[in-house]
Amino acid sequence: MNVPVRDVYDGARSALARGCHAHVFTGGAWSWILAEPMSGAAPLLGVIVREGSLWAYSVESRNRRTSSNARGHLLVHPTDHARNPDAFGGQPVLTLAAGESHTLSWELGWYDSREAFLAATDAPALLPSLTAPLGSKPAVELAAGTKLLSGETAVRHGVQHLDLERDGRTSRTAVAFLAPVRLLTEARVERILHEHRPVERPDPERYAFVPVDTRTGLRQTENGWPDWTDGAERTGMAVLLQQARRRGWGDRQAIDDALRGFARFARERLVQPDGSVRRGSRPGAEPLRLYNTPWLAHFFLDQFHLYGDGADLDLAASLLESGYALGAAGQLLIGHPEAVAGVADALEAQGHPERAGSLREALIDHADRFVNLGTDLPAHEVTYEQSMVAPLVSLFATAYALRPDERFVAALRPAVRWLRAFGGPQPHVRLRDIGIRHWDGYWFGIDRQWGDVFPHYWSVLTAVALRRLPAQLQTEESRRTADAIFAANLVDFTPDGRTTCAFVMPSCVDGVLPIVRTPWPTIRTGPWRSCCERPDPRSAA
């Protein structure tokens, strides 16, 4: 069954005026679709299953021709057992004998809010929290007549499906039982140090970080694919080492050596004479990508905080200054407002108030520019997306903290609605409040496959932005939402240090199944913990 919702990005102005996010929940008898305007404004169109069940959804028309700005056609299924029997915790067999019939009926209606829609779904259970520590029980409030059939406890880190029954109808959703953050972080740090560094290269390139093919455990060092370089998003590996080091987690000496080596690599191979930052160290012409600049600024700011070398702070500031000279004021860059605020604070503390003030003024001018643009946001790598709107919210919030101008608060109110609209209210740990991203499986996954990715590591941008809101816009609900988004992203980590950045959610995409992954044999170069989670049959690299 095709669900015609205009979930496409054809530019911010058009998307916010005419587009909808399709929030899909195929939980058996407990199934629904919520079409929410991308602006976050009412009315919302709700589709609620009243008879029968939906156990899966798939995506069609998602390939290189449609690229990153169209989500594709969403199809919902009473079962997708024939194609992917393990999807969504298991697909039932639907068999009809001659003369038999099967009824599936749903109800369409207009709603003034998410809350009104959710009240109409007649949920068999409420799940105020979708994560729980290992060894505990999930917070499940059963409706009258509902029985919990499975999934109440778990001894393994990761996603666990909950089966429910009411009035003879079965439903399913998913929660996550989480190992301690320190355990996950230290295991990931060890694996980064032992498997993600190209030690066969000469100095300083041997201190870079590179992707690993999860099918084989082999490093990907020379692949020519821009999102798998040894720069750009790979900077996040160095930043994780920094955060572990600042907390006293992991092998202190090994982390110190790695961070000092990566700093040399970044200075010599990534930073250009004009202050721009290359996507990777391999030679060759490449377009300017200002996304890379604030990520490296964050890294050198934290190097300064860790080791006290003023040259690191100077470089962090220079990168941001060069970024503005190269056009950053016309873009919405992930982590940029936070980097400017952090570097300016450090500069002032070190006795450089004029330089700090200049960066702050540049950020305020930057925010003023986007206040004036309204919905006419410039296209970035995707013409409209969660990772544009989250930096927009952070930009306005940071500017307001520097200069409490009510214009910034007025601009924040709709921007927060735009941001929240990306994440739906599904009672599923991979879905609730996780911003829709339907292209990252192609750009970052090993199989180059399109389709919804829940959660992707940039899902946390929504939480980062919500935490930066001024006091008058923060609520207890927004704080809980931010915490829940951070916790949900831990499902992409395993206790032995493996991760995935492209878990493809649908049961099938354009006729192609997400590939089943089997962990490669553990390379015992460190005290690895045993893997505690069976790989999900719909995960990608």
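Going by the structure above, here's the rest.
The structure displayed is predicted, hence computed values, not measured ones.

The rules behind these values
- Residues numbered from 1 in each chain as written.
- Predicted model: local features only at pLDDT ≥ 70, side-chain atom pairs only at ≥ 80, totals over all residues.
- Heavy atoms only, no water.
- Axes fitted to C-alpha atoms, helices over the stretch in contact; angles between N-to-C directions.
- Helix = DSSP H or I, 4+ residues; strand = E, 2+ residues; numbered from the N terminus.
- Parallel < 35°, antiparallel > 145°, perpendicular 65-115°, else oblique.
- Left-handed = near helix turned anticlockwise from the far one by under 90°.
- Contact = heavy atoms within 4.5 Å.
- Nonpolar A, V, L, I, M, F, W, Y, C, P; charged D, E, K, R; others polar.
- Buried < 20%, exposed > 50% of the residue type's maximum accessible area, 1.4 Å probe, protein only.
- Pairing = 2+ DSSP bridges.
- Salt bridge = Lys/Arg side-chain N within 4 Å of Asp/Glu carboxyl O.
- Phe/Tyr/Trp six-rings, centres within 6.5 Å; stacked < 30°, edge-to-face > 60°.
- Lys NZ or Arg CZ within 6 Å of the ring centre and 35° of its normal.

Colleague: Even after reading the chapter, I still don't get the packing of helix 5 (residues 252-270) against helix 6 (residues 292-307), so can you show me in this structure?
Modeller: Helix 6 packs onto helix 5 with a crossing angle of 140° between their chain directions and a minimal axis gap of 11 Å. When the axis of helix 5 is compared with that of helix 6, the two are oblique. The chirality of how helix 5 crosses helix 6 is left-handed. Residues D256, L259, R260, F262, A263, A266, R267 and L270 of helix 5 touch helix 6, and the partners they reach there are L296, F299, F300, Q303, L306 and Y307. Among the residues forming the contact of helix 5 with helix 6, the class breakdown is ten nonpolar, one polar and three charged.

Colleague: Help me understand the pairing of strand 3 (residues 30-37) in this model?
Modeller: Regular strands show a simple pattern: their side chains alternate between the two faces of the sheet. Among the eight residues of strand 3, eight are classified as buried, and the element is accordingly described as predominantly covered. Examined bridge by bridge, strand 2 (residues 20-27) and strand 3 share eight bridges and lie antiparallel to one another. When the sheet's bridge partners are listed, H21 is paired in strand 3 with E36. Between strand 2 and strand 3, which pair antiparallel one after the other, the connecting turn spans two residues, and G28 there sits at a positive phi close to 75°. Between the end of strand 3 and the start of strand 4 (residues 44-51), which pair antiparallel, lie six residues, with G40 showing a positive phi angle near 80°.

Colleague: When you look at the pattern of salt bridges in this model, what are you seeing that I'm missing?
Modeller: Scanning the entire structure with this criterion turns up 44 salt bridges. Across the pair R215 and D213 runs a salt bridge, and its minimum N-O distance is 2.8 Å. Relative accessible area serves as the criterion here: at 5%, D213 is assigned to the buried category. Its salt-bridge partner being E268, residue R264 comes within 4.0 Å of it at the nearest N-O pair. Of this pair, R264 and E268 both sit in helix 5, four residues apart, which is roughly one turn of the helix. By relative accessible area, which is 36% here, R264 ends up partly exposed. Look at E268 and you get partly exposed, because its relative accessible area is 44%. Connected through shared salt-bridge partners, E205, R264, E268, R269 and R282 make up one network.

Colleague: What exactly am I supposed to notice about the packing of aromatic side chains here?
Modeller: Working definition: an aromatic ring pair is given by the centre-to-centre distance plus the angle between the planes. Scanning all chains against the criterion turns up 22 aromatic pairs. Aromatic side chains Y442 and W443 sit 4.9 Å apart centroid to centroid with 85° between the ring planes, which places their arrangement in the edge-to-face category. Overall, W443 belongs to the partly exposed group, its relative accessible area being 25%. Feature note: the residues F25, W30, W32, Y111 and F117 constitute an aromatic cluster, connected by ring pairs. Lying over the aromatic face of Y207, R206 brings its terminal NZ or CZ to 5.5 Å of the ring centre. One cation-aromatic arrangement involves R260 over Y307; the distance from NZ or CZ to the ring centre is 4.2 Å.

Colleague: What exactly am I supposed to notice about the sheet that holds strand 2 here?
Modeller: Sheet strands pair by backbone hydrogen bonding; their relative direction is either parallel or antiparallel. The strand order 2-3-4-7 describes an open sheet built from four strands, whose pairing is antiparallel. Two strands in the sheet have a free side with no partner beyond their single neighbour: strand 2 and strand 7 (105-111). If you compare each strand with its neighbour and ignore which way they point, the axes differ by 15° on average. Where strand 4 lies against strand 7, seven bridges are found, and the strand directions are antiparallel. Considered in strand 7, the bridge of I48 is made with E107.

Colleague: Looking at this model, I keep getting lost on the sheet that holds strand 13 (residues 169-178). Mind explaining?
Modeller: Spatial strand order, 9-13-12-11: four strands in an open sheet with mixed pairing. Bordering the open sheet on either side are strand 9 (131-133) and strand 11 (147-150), each of which pairs with just one other strand. Each strand of the sheet is rotated relative to its neighbour by a mean of 40°, with strand direction disregarded. Two strands pair when backbone bridges link them, and strand 11 and strand 12 (residues 158-166) are joined in this way by three bridges, in the antiparallel orientation. Note that in strand 12 the partner of S150 across the bridge is D163.

Colleague: Would you take a moment to explain the pairing of strand 2 for this structure?
Modeller: For strand 2, a buried count of eight out of eight residues is recorded, marking the element as mostly surrounded by other parts of the structure. Of the two faces of strand 2, the one lined by C20, A22, V24 and T26 and the one lined by H21, H23, F25 and G27 are each fully buried.

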